[in-house]
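Topology and contacts: notes
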Amino acid sequence: MAVETEVLNELHRLRSRIPELTGALAAGADGLVLAEDMPDVQPEGMAALTAAALGVGRRMVDLADRGEFRELLVRGAGGYLATYAAGPSAVLTLLADDRANVGRLHLEGRRGGARIAELLAGRSTDGGPDVRPVVRGGGPPAPQFRGRILGALPLRIPPQSRYEP
């Protein structure tokens, strides 16, 4: 079974466990839809905005030195939008109406994000694309900042001299 199908099945399971959910979306950190179950929302637009919110959320926790990004909750007049990290390269977004139990939403969202991360991690071992950084020529490993590979988010890095004597 393809990973995308398994991710979609996980979204369906989430919607069946939380009746107040009105939509579920799994997207890459780049804003591309992996799987979606959102009948009333344009999934491509939501995936792009989710990726932007993920970038802002990650930068905020980095700036505040609060560790790794885990989740983001937005409350509107008509309900909730919750975003959960699903590994280093994906995100789970859940839409719920205003009657939703936020504790239950977090519990199921965290579990769903972890399950989607497992499914996507298995993709690189079963013939899918390998998302790990490639180091050619046996050079040094990719630079990291607080355990995360630089370049995973659009970071502004001051220009440095590339002159080597």
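Our subject is the structure that appears above.
I will try to describe carefully the structure that is included in this document.

Basis of the calculations
- Residues numbered from 1 in each chain as written.
- Predicted model: local features only at pLDDT ≥ 70, side-chain atom pairs only at ≥ 80, totals over all residues.
- Heavy atoms only, no water.
- Helix = DSSP H or I, 4+ residues; strand = E, 2+ residues; numbered from the N terminus.
- Buried < 20%, exposed > 50% of the residue type's maximum accessible area, 1.4 Å probe, protein only.
- Contact = heavy atoms within 4.5 Å.
- Areas by Shrake-Rupley, 256 points an atom, 1.4 Å probe, with all protein chains shown as cover.
- Expected span 1.5 Å × (residues − 1).
- Arc of directions from axis to C-beta.
- Salt bridge = Lys/Arg side-chain N within 4 Å of Asp/Glu carboxyl O.

**Description of the overall build of the protein chain**
Scanning the protein chain from terminus to terminus reveals 3 helices and 7 strands. The secondary structure elements of the protein chain, listed N-terminal to C-terminal, are α-β-β-α-β-β-β-α-β-β. Looking at the protein chain as a whole, 33% of its 165 residues qualify as buried. Look at the contacts in the protein chain between residues 6 or more apart in sequence, and 47% of them connect residues 24 or more apart. Summing over all exposed atoms, the protein chain offers an accessible surface of approximately 10400 Å²; the carbon and sulfur share of this is 54%.

**Here we look at helix α1 (residues 3-17)**
For α1, with 15 residues, the first-to-last C-alpha span of 21 Å sits near the 21 Å given by 1.5 Å per residue. For α1, the complete set of buried residues consists of Val3, Val7, Glu10, Leu11 and Leu14. Take α1 and look down its axis: the buried residues cluster within an arc of 100 degrees, on one side only.

**Remarks on the pattern of salt bridges**
Counting across every chain of the model gives 9 salt bridges. Ionic pairing is found between Glu10 and Arg13, a salt bridge with its closest N-O pair at 2.9 Å. Of this pair, Glu10 and Arg13 both sit in helix α1, separated by 3 residues, roughly a single helical turn. Assessed through its relative accessible area of 35%, Arg13 is described here as partly exposed. Residues Asp37 and Arg15 are paired through a salt bridge, measuring 3.1 Å at the closest nitrogen-oxygen approach. Taken as a pair, Asp37 in strand β2 (residues 33-37) and Arg15 in helix α1 lie far apart in primary sequence, 22 residues in all. Owing to a relative accessible area of 23%, Arg15 belongs among the partly exposed residues under this scheme. One salt-bridge network, held together by shared partners, links Glu10, Arg13, Arg17, Arg104, Glu108 and Arg111.

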